[in-house]
Amino acid sequence: MADRTLLLGGARSGKSIAAERLLSSEPDVLYVATGGHDSGNAEWADRVAKHRARRPATWGLAETIDLVPLLEASGPPLLIDCLTLWLSRTMDAVDVWSDLGRADLVDQQIAALAEAWSATPRRAVAVSNDVGSGIVPADSGTRLFRDLMGRLNTTISLASDQVLWTIAGRTLPLT
């Protein structure tokens, strides 16, 4: 069985660095960036550059939200960074923002991802934000995102071999 690890935490908590450390002894890792391109945004470009600089030169890169085929295929370990951006881009792809009733299409994508995560033959590490610990958002679209993020994290967590919580650069196991 593959080793599946989910790293959760707040924004800028050190999740990505912790995930990279988990796979640091692996010579060949496929880093899966789900953030997409934000051309012209200097702050985003700086974040991407810092992530790239930390990774070993031997690691590959895939920039995609099409995670199911990657999880279904054999190959080197995957580092998926991150499920939060995957969800946001998936919601964009089905245009849920203009019709919140399309949330069922996102739930279908979450189910497909969880099935692939559960059955992957690869070692896989995924990073995700825990966005449900804060206040209740004022608008229905943001509440939907928070609710879907909670469902996604719960579903992937329950299908993982290990779940870790990262806060202030420290990582703790969740049991």
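Remember, it's a predicted structure, so these values are computed and weren't measured experimentally.

K.L.:
Help me understand the overall build of the protein chain in this model?
P.N.:
Secondary structure summary: the protein chain contains six helices and seven strands in total. Along the chain direction, N to C, the helices and strands of the protein chain fall in the order β-α-β-α-β-α-β-α-α-β-α-β-β. By the compact-globule yardstick of 16 Å for 175 residues, the protein chain fits well, its C-alpha radius of gyration being 16 Å. Referenced to the eigenvectors of the C-alpha coordinate spread, the extents of the protein chain come out at roughly 45 × 40 × 30 Å. Per-residue burial over the protein chain gives 41% buried out of 175 residues. Long-range contacts, defined here as pairs at least 24 residues apart, represent 78% of the contacts in the protein chain between residues at least 6 apart. Accessible surface, the protein chain: about 9000 Å² in total, of which carbon and sulfur atoms supply 54%. Charged side chains in the protein chain number 17 positive and 21 negative. The centres of these two groups are separated by 7 Å.

K.L.:
What's the story with the environment of Arg54 in this structure? I'm lost.
P.N.:
With respect to the element layout, Arg54 can be found in helix α2 (residues 42-54). The class for Arg54 is partly exposed, based on a relative accessible area of 35%. Not counting residues within four places of it along the chain, the set of residues in contact with Arg54 comprises Ser16, Ile17 and Glu20.

K.L.:
Help me understand the sheet that holds strand β3 (residues 60-63) in this model?
P.N.:
Adjacent strands of a sheet pair through backbone hydrogen bonds, lying either parallel or antiparallel. Strand order in the open sheet formed by seven strands is β3-β2-β4-β5-β1-β6-β7, and the pairing between neighbours is mixed. Pairing within the sheet leaves two strands with one partner each, and these edge strands are β3 and β7 (170-174). The mean inter-strand angle of the sheet, taken between neighbouring strand axes irrespective of direction, is 20°. Looking at chain direction, strand β6 (residues 162-167) and β7 are connected through five bridges and run antiparallel. By the bridge assignment, Val163 is partnered in β7 with Leu174.

K.L.:
For this particular structure, what's the right way to read the environment of Leu7?
P.N.:
As for its placement among the helices and strands, Leu7 is situated in strand β1 (residues 4-9). Leu7 gets classed as buried once you look at its relative accessible area, which sits at 0%. Along the backbone, Leu7 and Asn129 are 122 residues apart, and their C-alpha atoms lie at a distance of 8.4 Å. Ignoring anything within four residues of it in the chain, the contact list for Leu7 reads Lys15, Ala18, Ala19, Leu22, Val125, Ala126, Val127, Ser128, Leu164, Thr166 and Thr171.

K.L.:
Teacher, can you tell me more about helix α5 (residues 103-119) here?
P.N.:
In an α-helix, one turn spans 3.6 residues, which is why side chains three or four residues apart end up on the same side. A rise of 1.5 Å per residue sets the reference length of α5, with its 17 residues, at 24 Å; its end C-alpha atoms lie 25 Å apart and thus fit the reference within 8%. If you check which residues of α5 are buried, you get Ala103, Val106, Ile110, Leu113, Ala114, Ala116 and Trp117. The arc that holds every buried residue of α5, seen down its axis, measures 165°, which confines them to one face. Opposite the buried face of α5, by more than 90 degrees, sit the exposed residues Gln108, Glu115 and Ala119. Buried positions along α5 lie against β1, α3 (67-72), β4 (78-81), α4 (83-93), β5 (124-129) and α6 (140-158).

Conventions and cut-offs
Residues numbered from 1 in each chain as written. Predicted model: local features only at pLDDT ≥ 70, side-chain atom pairs only at ≥ 80, totals over all residues. Heavy atoms only, no water. Helix = DSSP H or I, 4+ residues; strand = E, 2+ residues; numbered from the N terminus. Rg over C-alpha atoms; globule rule 2.2 N^0.38 Å. Buried < 20%, exposed > 50% of the residue type's maximum accessible area, 1.4 Å probe, protein only. Contact = heavy atoms within 4.5 Å. Areas by Shrake-Rupley, 256 points an atom, 1.4 Å probe, with all protein chains shown as cover. Lys, Arg positive; Asp, Glu negative; His and termini not counted. Charge placed at Lys NZ, Arg CZ, Asp CG, Glu CD. Pairing = 2+ DSSP bridges. Axes fitted to C-alpha atoms, helices over the stretch in contact; angles between N-to-C directions. Expected span 1.5 Å × (residues − 1). Arc of directions from axis to C-beta.

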